Amino acid sequence: KKRLDLKDETKQGVLAVMSFVLAIFFVLASAEMAGGGGRALYRAGLAIFGYGYFLFPVGLILLSISFLKPTRPNIIGNRLIGGLIFFISSLGLVNIIFRNQSGVPAGEAGGTIGYFISLPFLKLFDVYTSAVFFTAVLAIAILIVFDTTFTLEWSLFGRPVGRWFKKKKEITPM
């Protein structure tokens, strides 16, 4: 049985396109513009993820962007795991933030998954501590997806901002 032997860059390009198309599909499904299958998927997603359903396309777009970034081999699995962590922590955070809002039934903000993910933290800690925890996990997930680090150095187009404004040394003729 022969496999397609593709370069890592090609695999990442394919995953970027697939992630972006899936994000568009989920948005179209929520607007009832994806046929019967999209309608069924949207209803099921809303029941399971609540308003967190709309985080799924956001996560897919982030994954799509991250797949366009050139990386070393075998990082694809890490990005997918980071995307999953992003989605689950977002559901928990959405449930924590919007759980007591008027007009939002219990468990509907982050759906069933967001409710059960955030429940132990809300019982053990409090709303604010739980929100800080889920925000930290969300930040970690973004770091994993983009395989990057936080820095205090500002950059513009991949070049530190300070270098944009430094004068170049002039070479004086002898």
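Below is a short write-up of the structure. It should be emphasised that the depicted structure is a prediction, and the values quoted were computed from it without experimental measurement.

## Considering the packing of helix α1 (residues 8–30) against helix α2 (residues 35–49)
1) Next: Two elements in contact, α1 and α2, have axes separated by 8 Å at closest approach and are oriented at 85 degrees. One finds that α1 runs roughly perpendicular with respect to α2. Side by side, α1 and α2 meet where F25, F26, A29 and S30 of the first sit next to G38, L41 and Y42 of the second.
2) Next: A breakdown of the residues in the contact of α1 with α2 according to their chemical character gives five nonpolar, two polar and no charged.

## Remarks on the environment of A23
1) Next: With respect to the helices and strands, A23 occurs in helix α1.
2) Next: With 35 residues separating them in the primary sequence, A23 and V58 have C-alpha atoms 7.2 Å apart.
3) Next: Residues contacting A23, with those up to four places away along its chain left out, are P57, L60 and I61.

## Points about the environment of I48
1) Next: Relative to the helices and strands, I48 is located in helix α2.
2) Next: Distance from I48 to G114, taken between C-alpha atoms, is 8.6 Å for residues 66 residues apart in sequence.
3) Next: If near-sequence neighbours (up to four positions away) are discounted, I48 is found in contact with G110, G111, T112 and I113.

Here is what the cut-offs are and how they apply
- Residues numbered from 1 in each chain as written.
- Predicted model: local features only at pLDDT ≥ 70, side-chain atom pairs only at ≥ 80, totals over all residues.
- Heavy atoms only, no water.
- Axes fitted to C-alpha atoms, helices over the stretch in contact; angles between N-to-C directions.
- Helix = DSSP H or I, 4+ residues; strand = E, 2+ residues; numbered from the N terminus.
- Parallel < 35°, antiparallel > 145°, perpendicular 65-115°, else oblique.
- Contact = heavy atoms within 4.5 Å.
- Nonpolar A, V, L, I, M, F, W, Y, C, P; charged D, E, K, R; others polar.

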